[in-house]
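Listed below, chain by chain, are the residues.
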Amino acid sequence: MKMVQAQLNDVLVCTAEGEININTAVQLRKDFDEIIKSNNKKVLMNFSAVSYVDSSGLATLIEMLQRLKKTGGKLRICNMDQKVKNIFEVTKLYKFFEIFETQDLALKDF
Amino acid sequence: MVIEEIVKSDLKLIPDISSRVFERLQARGIDKDTLFNVRLSFEEALTNAIRHGNRNDSAKEVSIRIELFLDKITIEVKDQGQGFDFHNTPLPTEKQNLEKLSGRGVFLIRSLMDEVKYFDGGSRIKMVKSFNLAPKDRSS
C-alpha cells in the first residue's frame, strides 16, 4: 500500500493506493503516527485506489480517528469502492466514520 | 477443484497464500464481488487461526482445504490451538463495541459467507459461499 499526501488549504489529503490488510496496516499506522506528530487537524483519506480493507485495516482507521478526535481533529474518507464500502456498512462503521462520495464533498464538510 | 495446503503460523505469509489460492479461483470465473467476500473471509479465518488459535507459534501449522463446486465454494481452516467460545463472540456492531479495535474477524466471516460452522471446539471453521459461475466455466 502506498499513500500520497497533499496539503489542500488546511486539509491534509491522503490518497491511499492498494490494500489495507494485516501486513500493510503496520505501515499505515506509521504514516498516521507522522500525521499526528505534524499536528494536522483535518485529514481526508481518499480511497479511490484502495481495493481491499480487512479487519486489521478497519482497526487502524478506527485508531486514527480516535487519536485525531482526542486532539480536536477530524478524519473524513471519500471515494470508497463499493466492495470496500460494503465492509463499512456490514460492520456499521459508516455510523462512526464520515464517508463521502467525492473528494469535493468531503472537503466542503470540513 | 480441490486445494489443500498446510501453512506455517506466520501472519506475513497470508497475502502470498491468499494470492496463490485466489488466482486459481479467479481463473474459474467467479464474480468479483463474491471473490472479494470469500477472500476476505478466508484471510480473516487464517488470521484468527494463526493469531488466536496457534498464538503465532511458528512450530504450529494451519491446514487449509478449499473445494470449488459449480455453484458454491467451501473453505475449511484448522489450527492447532485450543479453540474458542464461538457461541459467545461479542457483536462489534453494538454501540458499546463499535469503536473497539478488535473482534470483527468472526463477525465479517459470518456476515459475508452463507454458512459458517465451527468444529473441534472452535479450532476448525468450515464456511460456504454459493454463487453462479459464468456459463463458459459451466461448460468446461
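Everything below is about the structure shown above.
What you are looking at is a predicted structure, and each value in this text was computed from that prediction instead of being measured.

(A) Structural view of the sheet that holds strand E3 (residues 72–78) of chain B. All names here are of chain B. Pairing within the open sheet is antiparallel, and its five strands lie in the order E1-E2-E3-E5-E4. The open sheet terminates on both sides in strands that have one partner only, identified here as strand E1 (2–8) and strand E4 (115–119). Geometrically, the sheet is characterised by an average inter-axis angle of 15 degrees between neighbouring strands, direction not taken into account. Where E1 meets strand E2 (residues 61–68), seven bridges bridge the pair, whose relative direction is antiparallel. Looking across to E2, one finds that Glu-4 is bridged to Arg-65. Running over the sheet, helix H2 (residues 32–53) touches E1, E2, E3 and strand E5 (124–130) and is turned about 10 degrees from E3. Its contacts with the sheet put helix H3 (residues 105–112) on E4 and E5, and the angle it makes with E4 is roughly 135 degrees.

(B) Summary view of the interface of chain A and chain B. Facing the 23 residues of chain A at the interface are 25 residues of chain B. Overall, the association of chain A and chain B removes approximately 2100 Å² of surface from exposure, summing both partners, and the carbon and sulfur fraction of that is 65%. The interface formed by chain A and chain B contains one salt bridge. Between Arg39(B) and Glu19(A) there is a salt bridge; the shortest N-O distance is 2.6 Å. Between chain A and chain B we count five residue pairs in polar contact (both at pLDDT 80 or more) in total. Of all the secondary-structure elements, those providing two or more residues to the side of chain A that touches chain B are strand E3 (42–53), helix H2 (55–70) and helix H3 (82–90) of chain A. Among the elements that line the side of chain A that touches chain B, the one with the most residues is H2(A), at six residues.

The rules behind these values
Residues numbered from 1 in each chain as written. Chains lettered and ligands numbered in written order. Predicted model: local features only at pLDDT ≥ 70, side-chain atom pairs only at ≥ 80, totals over all residues. Heavy atoms only, no water. Pairing = 2+ DSSP bridges. Helix = DSSP H or I, 4+ residues; strand = E, 2+ residues; numbered from the N terminus. Axes fitted to C-alpha atoms, helices over the stretch in contact; angles between N-to-C directions. Contact = heavy atoms within 4.5 Å. Buried area = accessible area lost by both parts, 1.4 Å probe. Salt bridge = Lys/Arg side-chain N within 4 Å of Asp/Glu carboxyl O. Polar contact = N/O pair within 3.5 Å; in protein donor to acceptor, adjacent residues only side chain to side chain.

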